[in-house]
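Inside the fold
Residue-level listing of the chains:
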Amino acid sequence: MAAEIIDGRAIAAAIRSEVKAQVDELVRDHGVRPGLGVILVGDNPASRSYVTMKEKACAEAGIYSEEVHLPADASQEAVISAIGAYAANASIHAILVQLPLPDHIDEHAVLLSVPPAKDADGFHPFLVGELWSQGTADFIPCTPYGVLELLKRSDVPLVGARAVVIGRSNIVGKPVASLLLREHCTVTLCHSRTRDLPGVAREADILVVAIGRPKMVDASYIKPGATVIDVGISRAEDGSLVGDVDFESASQVAGKITPVPKGVGPMTIAMLLQNTVNAAARAAS
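Counting restarts for each chain: residues are numbered from 1 in the order of the written sequence. It should be noted that, the model being predicted, local features are given only for residues of pLDDT at least 70 and side-chain atom pairs only at 80 or more, the latter also being counted only at that level, while totals for whole chains, interfaces and linings use all residues. In computing side-chain properties, one takes all heavy atoms of the structure into account and sets aside hydrogens as well as water.

1. Focus on empty space enclosed by the protein
Cavities and pockets were defined on a 1 Å grid built over protein atoms only: a cavity is a set of grid points that admits a 1.4 Å probe from which the probe cannot escape, a pocket is an open set flanked by protein on both sides within 12 Å along at least five of seven lines, and lining residues are those with an atom within 4 Å of any such point. Grid points are joined across faces, edges and corners, and a volume is the space filled by probe spheres set on the points. Inspection of every chain in the model, using the stated rule, returns 1 cavity of 30 Å³ or more. Its boundaries defined by the atoms lining it, the largest cavity holds a volume of some 40 Å³. Every residue along the wall of the largest cavity is listed here: Ile95, Leu96, Val97, Leu111, Val114, Asp119, Asp121 and Phe123. Only DSSP runs of H or I covering at least 4 residues are called helices, and only runs of E covering at least 2 are called strands; the numbering of each starts at the N terminus. Element by element, the count of residues in the lining of the largest cavity is highest for strand 4 (residues 94-97), at 3 residues. Residues are grouped as follows: Ala, Val, Leu, Ile, Met, Phe, Trp, Tyr, Cys and Pro are nonpolar; Asp, Glu, Lys and Arg are charged; all remaining types, including Gly, are polar. For the lining of the largest cavity, the per-class residue count stands at 6 nonpolar, no polar and 2 charged.

Next up, the structure:
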């Protein structure tokens, strides 16, 4: 039997509707409109597209957004200065630095300059430490946050579940593992050097794949009935978008599965909006 498809687009739409209601309430009851400040460096087409989508989503939710667009040869100091201006702006509750940055800029130094109280991506080491030590933080990285919401809103049992995360990046793998631990899953964090990776993956009730290798995970990695969350996205030779999971074979074994596209992708922007509104609510309280 083919797996149930987890419709990330529909779930993201529901969250965005909830966010709009929260925005309306903040404006009505506190006179506070959530604000997002975006910093884009250079003219990377993918980054430009992502920023445009985020700004459109903000407008639809009633969130104020503004953008600083710096040239590709902008200095690191100029980027940090733009962050400082947003940090001092009371109408900006969350700051997003669009990644990747040009090679001559120290990405770590830039992310360290974003104040934790306004770090929309949740990448600051202080927030990472809060997430691992407390199980929560003022800002949770948007894609992992979206993965957790997909699981919860798809009624996937979490308490006591065996979860396997393939991929150990700071952006997805590690924070996903932390969030699943918070929900009382038993978590195994895997990577490219994990021995017998397919065998470890087959132990999972919940399999989250964020390894960055198109269609690497096929049916041989999946326990029958498991929930599979595919975070990867790449463009195939024919121009189509594919994930890290071989959807055709995996969907014949899994119980539930996210497609690519229309799976995790829409959730990332939805959770960015939620992070921004949460920050504004904290400021209003």
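Moving on, there is more to tell.
2. A short note on the packing of aromatic side chains
Under the pairing criterion, centres of Phe, Tyr and Trp rings, with the six-membered ring standing for Trp, must be within 6.5 Å; the plane angle then separates stacked pairs below 30 degrees from edge-to-face pairs above 60, leaving the rest tilted. Applying the stated criterion across every chain, the model contains 0 aromatic pairs. The criterion for a charge sitting over a ring is simple: Lys NZ or Arg CZ within 6 Å of the ring centre, and within 35 degrees of the ring normal. Seen from the ring of phenylalanine 139, arginine 282 lies directly overhead, with NZ or CZ sitting 5.0 Å from the centre.

3. Looking at the sheet that holds strand 3 (residues 64-70)
Following DSSP output, two strands are said to pair if at least two bridges run between them. With parallel pairing, 3 strands are arranged side by side in an open sheet as 3-2-4. In the strand order of this sheet, the two ends are held by strand 3 and strand 4, each with one partner. Neighbour-to-neighbour, the strand axes of this sheet turn through a mean angle of 15 degrees, independent of strand direction. Relative to strand 3, strand 2 (residues 35-41) runs parallel, the two being bridged by 7 bridges. In this description, a line fitted to the C-alpha atoms serves as the axis of each element, helices being fitted only across the stretch in contact, and the angle between N-to-C directions of two axes falls anywhere from 0 to 180 degrees.

4. Section: helix 6 (residues 142-153)
By this rule the span expected of a helix is its residue count minus one, scaled by 1.5 Å. Over its 12 residues, helix 6 runs 16 Å from end to end, which matches the ideal 16 Å to within 8%, given 1.5 Å per residue. Taken across its 12 residues, helix 6 has 10 buried, putting it largely inside the fold. What helix 6 keeps buried is the set Cys142, Thr143, Pro144, Tyr145, Gly146, Val147, Leu148, Glu149, Leu150 and Leu151. On its buried face, helix 6 is in contact with helix 1 (8-30), helix 7 (173-182), strand 7 (206-209), strand 8 (227-230) and helix 10 (265-284). Downstream of helix 6 by one or two residues, aspartate 155 has phi in the positive range, about 60 degrees. Only protein chains enter the calculation, and the probe is 1.4 Å; a residue is then buried if its accessible area is under 20% of its type maximum, exposed if over 50%, and partly exposed in between. It only takes one pair of heavy atoms within 4.5 Å for two residues to be counted as in contact.

5. Brief notes about the layout of surface pockets
If you add up the space inside the second largest pocket, you get close to 350 Å³. Of the residues contributing to the lining of the second largest pocket, the split by class is 10 nonpolar, 4 polar and 2 charged.

6. Quick notes on a nonpolar patch on the surface
Every patch collects residues that have over 30% relative accessible area and no salt bridge, joining them within 9 Å if they carry like charges and within 5 Å if they are nonpolar side chains (Val, Leu, Ile, Met, Phe, Trp, Tyr). Accessibility throughout is a Shrake-Rupley quantity obtained with a 1.4 Å probe, and a residue counts as covered only by protein chains that appear here. Salt bridges are identified by distance alone: a Lys or Arg side-chain nitrogen within 4 Å of an Asp or Glu carboxyl oxygen. Judged by side-chain polarity, Val128, Trp132 and Leu181 come together as a nonpolar surface patch covering roughly 260 Å² of accessible area. Inspection of the secondary structure assignment puts valine 128 in helix 5 (residues 125-134).

7. Examining the pattern of salt bridges
Counted by the stated rule, this structure contains 11 salt bridges. Ionic pairing is found between glutamate 18 and arginine 153, a salt bridge with its closest N-O pair at 2.9 Å. Taken together, the residues span a long stretch of sequence, with glutamate 18 in helix 1 and arginine 153 in helix 6 at a distance of 135 residues. Residue class for glutamate 18 comes out partly exposed when judged on its relative accessible area of 32%. With its nearest N and O atoms 3.2 Å apart, the salt bridge here joins arginine 182 to glutamate 183. The buried category is assigned to glutamate 183, whose relative accessible area is 15%. Where salt bridges share partners, they join Glu18, Glu149 and Arg153 into one cluster.

8. Section: the sheet that holds strand 8
Pairing between sheet strands relies on hydrogen bonds along the backbone, with the strands arranged either parallel or antiparallel. The 6 strands lie next to each other as 1-11-8-7-5-6, forming an open sheet whose pairing is parallel. The strands lining the two open edges of the sheet, one partner per strand, are strand 1 (4-5) and strand 6 (186-190). Pairing analysis gives 5 bridges linking strand 5 (residues 162-166) to strand 6, with the strands arranged parallel. In the sheet register, isoleucine 166 faces strand 6, and the bridge partner there is cysteine 190. Across the face of the sheet, helix 7 comes into contact with strand 5, strand 6 and strand 7 while running at roughly 170 degrees to strand 6.

9. Here we look at the state of the cysteines
Note on disulfides: each one is a pair of cysteine sulfur atoms within 2.5 Å. Scanning the entire structure with this criterion turns up 0 disulfides. Among the cysteines around cysteine 58, which has no disulfide bond, cysteine 142 carries the closest sulfur, lying 11 Å off. Residue cysteine 58 is classed as buried on the basis of its relative accessible area of 1%.

10. Things to note about the nonpolar core
Residues Ile206 and Val208 are the most contacted members of the largest nonpolar core, which totals 55 residues. The leading source of residues in this core is helix 10, at 9 residues. Discounting residues that sit within four places of it in the chain, valine 208 has contacts with Val147, Val164, Val165, Ile166, Val176, Leu180, Ile229 and Val231. Leu197, Val200, Ala204 and Leu207 belong to the second largest nonpolar core, which has 20 residues in total. Side-chain atoms within 4.5 Å link the members of a nonpolar core, which is a set of buried Ala, Val, Leu, Ile, Met, Phe, Trp, Tyr and Cys residues.

Interpretation note: all reported values are geometric properties and have no functional meaning in isolation.
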